[in-house]
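What follows is the residue order along each chain.
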Amino acid sequence: MNTDIKALRFDFNDDAKEYLHKKLDRIHNAESMIVDLLITLAKDKEFSAEAKVNFNWGVSVHVKESDFELRAAIDKMIDKLEAKVNKEKEKKQDKRKSG
């Protein structure tokens, strides 16, 4: 899995990087199915956390969340991302069973 993390308009310090990587462990079980994971963190009036996942069967999933605190935005984004990844994983397993 290729992971690309970008931070726009704020200093993405080591503590925040460590926090994000710790949270990404939640989708570790689907790592073999993910080709690319692109994460963009930005700060305007509030922080936004955005992720795009490209699966090895050609499906892409996009999630975006925002909050006034960076960690809260990351938490919300990871919650949505984990749900979407699990849903795609289940869809793929269902197709294998029925196909």
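Structure: above.
Draft legend 1. Up close: the pairing of strand β3 (residues 47-55). With seven of nine residues buried, β3 is to be regarded as a mostly interior element. Of the pairings in the sheet, the one linking strand β2 (residues 34-43) to β3 comprises nine bridges and is antiparallel in character. Each residue of the ladder has a partner; that of Ile34, found in β3, is Phe55. The antiparallel pairing of β2 with β3 creates a hairpin that spans three residues between the two strands. With eight bridges connecting them, β3 and strand β4 (residues 60-67) associate as antiparallel partners.

Draft legend 2. Focus on the sheet that holds β4. Across the sheet, four strands lie side by side as β1-β2-β3-β4; this open sheet has mixed pairing. The open sheet has two free edges, formed respectively by β1 (2-8) and β4, since each of these has just one partner strand. If you compare each strand with its neighbour and ignore which way they point, the axes differ by 10 degrees on average. Bridge analysis of β1 against β2 gives seven bridges, and the strand direction is parallel. Within β2, the position partnered with Asp4 by the bridge is Leu38.

Draft legend 3. Local environment of helix α1 (residues 14-24). Burial in α1 covers these residues: Ala16, Tyr19, Leu20, Lys23 and Leu24. Angularly, the buried residues of α1 cover 135 degrees about the axis, an arc narrow enough to put them on a single face. Those residues of α1 that are exposed and angled more than 90 degrees off the buried face are Asp14, Asp15, Glu18 and Lys22. Where α1 starts, the residue carrying a side-chain oxygen 3.2 Å from the main-chain nitrogen of Asp15 turns out to be Asn13.

Draft legend 4. Spatial organisation of the environment of Phe47. Mapped onto the elements of the fold, Phe47 is located in strand β3. A sequence separation of 37 residues divides Phe47 from Phe10, and the C-alpha atoms of the two residues are 9.4 Å apart. With sequence-adjacent residues up to four places away left out, Phe47 is seen in contact with Phe10, Ala42, Glu65, Ser66, Asp67, Phe68, Glu69, Leu70 and Ala73.

Draft legend 5. Inspection of the nonpolar core at higher detail. By size, the foremost hydrophobic cluster in this structure holds 27 residues, and its most contacted members are Leu20, Leu37, Ile39, Leu41, Leu70, Met77 and Leu81. Mapped onto this core, the elements with two or more residues apiece are α1, β2, β3, β4 and α2 (70-98). Sorting elements by how many residues they give to this core places α2 first, with seven residues. Among residues more than four places away in sequence, those in contact with Leu41 are Lys6, Ala7, Leu8, Phe10, Phe12, Leu20, Ser48, Ala49, Leu70 and Ile74.

What counts, and where the lines are drawn
- For every chain, the first residue of the written sequence is number 1, and numbering continues from 1 along that sequence.
- Selection of residues for local features in this predicted model requires a pLDDT of at least 70, selection of side-chain atom pairs for listing and counting requires 80 or more, and totals for whole chains, interfaces and linings are taken over all residues.
- Excluded from the side-chain calculations are hydrogens and water; all other atoms, namely the structure's heavy atoms, are used.
- Accessibility here uses a 1.4 Å probe with only protein chains present; expressed as a share of the type maximum, an area under 20% marks a residue as buried, one over 50% as exposed, and anything in between as partly exposed.
- Put simply, DSSP marks the helices as runs of H or I at least four residues long and the strands as runs of E at least two long, and each gets a number from the N terminus on.
- A pair of strands is treated as paired once DSSP finds two or more bridges between them.
- Axis angles are defined between N-to-C directions and span 0 to 180 degrees, where every axis is a line fitted to C-alpha atoms and, for a helix, only to the segment in contact.
- Picture the helix axis, draw a direction to every C-beta atom, and the arc is the one those directions span.
- Pairs of N or O atoms within 3.5 Å make up the polar contacts considered here, provided that, within protein, one atom can donate a hydrogen while the other can accept it, and that residues adjacent in sequence are counted only when both atoms are side-chain atoms.
- The contact rule is simple, with two residues in contact once any of their heavy atoms fall within 4.5 Å.
- Nonpolar cores are built from buried Ala, Val, Leu, Ile, Met, Phe, Trp, Tyr and Cys residues. Side-chain atoms within 4.5 Å join them into one set.

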